[in-house]
Amino acid sequence: MSNIIKVGMADLNICKAPDGITTLGLGSCVGVALRDPVTKIGGLLHAMLPDSTVIKNNTCVEKFVDSGLDELVKRMVRAGANRSRLEAKLAGGAQMFAFQRNSDLVKVGERNAEAARKKLKAMHIKLLSEDTGLNYGRTVIYYPETGKYVIKAVGKPEKSI
Amino acid sequence: MDNNSAFDAIDSNYLDVLREIGNIGAGNATTALAQMLQRKVDMKVPQAALLEFKELGEAIGGEETIMAGVYMVVEGDINGSMMFLLEKESSRHLVNHMLGGFGDPNAEEFGEMEISVLKEIGNIMTGAYLNSLSDLTGLKIFPSVPEIAVDMAGAILSVPAIEFGVLGDKILMIQTRFTDDIQIDGFFILVPDLDSYHRIMESLGMA
């Protein structure tokens, strides 16, 4: 029997097939899923903010796309994944409310998604597909067995990328 | 200033004061709701807690619960976020009651008119909450124009959470749940930043 491991907000974890890994209700946050297709070791990061270098109180590495991805890859490699084989899928980064006042946070969803693309590129990890942006929340489930990334949203048919 | 260690100094006495704020604020707001509905609405004992972001979903009873969230940014002497969350069925019920037969009472999605009604309900209720907080503390509080989203609770809460992610690794949340016997189930959430927290305490003679 396989388990589904849960990841919270500003959190990350790894799993090994046939287990899957999930995070619920992604809003402006992004869910970056990684796997090594040979060892079938997978991981998921639920990050809130794009860049750990511009914010002072950043003891929590999982909060940021950049430091979170570094940590996730480290954990996966320690568990036996091969760094050079890693592949990625990306979801989230919505704008939940039409109007946000704090100018630092305008389009934070979009910037989270962009930060993930940039960081993956810098790490030479191939981004296979993504479902990002727009104005609705997403629940995601990732299966490192197949690399299937299932995305559920309110009032929309379930899809996988 | 190190935001987290400063928030960590919040002890149970202070949390009691914050709970009392939740009590008074939400008390006024649920009275407003009871008047609108002409029905008794109960309020649970407020919770005041310093949470890690990953604990947020549990705190409101599950990230995937579909809710209508009315969100406003609060400025003035108190800075932060104010949120009014109403479970989807409750929202439907409330909207139908307010529209008195206009609109489609069984539609799966809310139309423009329903959304506008929900926003106004959120406005009235958070207004009642913030007014009583302002009266109690003598502090000036200016809420922004409300914004609304109907979606998973986790996704809605990611918005105030991200604002606090900029400041630290934890979020100070004053949460009050209200229900009636059958149809109403929702939350108020006030998330003040650290300076505002200090100003609230000062104004109440606690600092």
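Residues numbered from 1 in each chain as written. Chains lettered and ligands numbered in written order. Predicted model: local features only at pLDDT ≥ 70, side-chain atom pairs only at ≥ 80, totals over all residues. Heavy atoms only, no water.

A. Summary view of the overall build of chain A. When you go through chain A residue by residue, the secondary structure sums to two helices and ten strands. In chain A, the order of α-helices and β-strands from amino to carboxyl end is β-β-β-β-β-α-β-α-β-β-β-β. Rg of the C-alpha trace for chain A: 15 Å, near the compact-globule value of 15 Å for 161 residues, within the 12% margin. Taking the principal axes of the C-alpha coordinates as reference, chain A spans close to 45 × 40 × 25 Å. Expressed as a percentage of its 161 residues, the buried residues of chain A come to 57%. (Helix = DSSP H or I, 4+ residues; strand = E, 2+ residues; numbered from the N terminus. Rg over C-alpha atoms; globule rule 2.2 N^0.38 Å. Buried < 20%, exposed > 50% of the residue type's maximum accessible area, 1.4 Å probe, protein only.)

B. Region of the structure containing empty space enclosed by the protein. Going through the model one piece at a time under the given rule, you end up with two cavities of 30 Å³ or more. Here the largest cavity is characterised by a volume of approximately 100 Å³. Around the largest cavity sit 15 residues that line it, and Met9(A), Leu24(A), His46(A), Gly57(B) and Glu63(B) are the ones nearest its centre. Those elements giving two or more residues to the lining of the largest cavity turn out to be strand E3 (20-26) of chain A together with helix H3 (56-59) and helix H6 (153-165) of chain B. Among the elements that line the lining of the largest cavity, the one with the most residues is E3(A), at three residues. (1 Å grid on protein atoms, 1.4 Å probe; cavity = no way out; pocket = protein on both sides within 12 Å on 5 of 7 lines; lining within 4 Å. Points joined across faces, edges and corners; volume = space filled by probe spheres on them.)

C. Region of interest: the interface of chain B and chain A. Each partner contributes to the interface: chain B provides 35 residues, whereas chain A provides 36 residues. Together chain B and chain A conceal approximately 2,800 Å² of surface at their shared face, both sides included; 64% is due to carbon and sulfur atoms. For the interface between chain B and chain A, the tally reads three salt bridges. With its nearest N and O atoms 2.6 Å apart, the salt bridge here joins Lys63(A) to Asp169(B). For the pair chain B and chain A, the interface holds nine residue pairs in polar contact (both at pLDDT 80 or more). Breaking the side of chain B that touches chain A down by element, the ones donating at least two residues are H3, strand E3 (66-76), strand E6 (147-152) and H6 of chain B. Ranked by the residues each element gives to the side of chain B that touches chain A, the list is headed by H6(B), at nine residues. Taken together, the residues of the side of chain B that touches chain A sort by class into 17 nonpolar, seven polar and eleven charged. (Contact = heavy atoms within 4.5 Å. Buried area = accessible area lost by both parts, 1.4 Å probe. Salt bridge = Lys/Arg side-chain N within 4 Å of Asp/Glu carboxyl O. Polar contact = N/O pair within 3.5 Å; in protein donor to acceptor, adjacent residues only side chain to side chain. Nonpolar A, V, L, I, M, F, W, Y, C, P; charged D, E, K, R; others polar.)

D. Spotlight on the pattern of salt bridges. Residues and elements named next belong to chain A. Applying the stated criterion across every chain, the model contains 13 salt bridges over all chains. Residues Glu-130 and Arg-117 are paired through a salt bridge, measuring 2.8 Å at the closest nitrogen-oxygen approach. With Glu-130 in strand E7 (residues 126-132) and Arg-117 in helix H2 (residues 108-122), the pair connects residues that are 13 residues apart, well separated along the chain. On the basis of relative accessibility, which here comes to 32%, the residue Glu-130 falls in the partly exposed class. The partner of Asp-131 in a salt bridge is Lys-159, and the shortest N-O contact between them spans 3.0 Å. In this pair, Asp-131 sits in strand E7 while Lys-159 sits in strand E10 (residues 156-160), placing the two residues 28 residues apart along the sequence. Its relative accessible area of 37% is what places Lys-159 among the partly exposed residues. Residues joined by salt bridges that share partners form a network here, namely Glu-114, Arg-117 and Glu-130.

E. Main features of unusual backbone geometry. All names here are of chain A. Backbone torsion omega between Ala-17 and Pro-18 reads 10 degrees, so that peptide bond is classified as cis. Looking at the element boundaries, Pro-18 is found in the loop between strand E2 (11-16) and E3. The backbone of Lys-40 shows a phi angle near 60 degrees, a positive value even though the residue is not glycine. Within the secondary structure layout, Lys-40 lies in the loop between strand E4 (30-36) and strand E5 (41-47). Not every positive phi belongs to a glycine, and His-124 is a case in point at roughly 60 degrees. Within the secondary structure layout, His-124 lies in the loop between H2 and E7.

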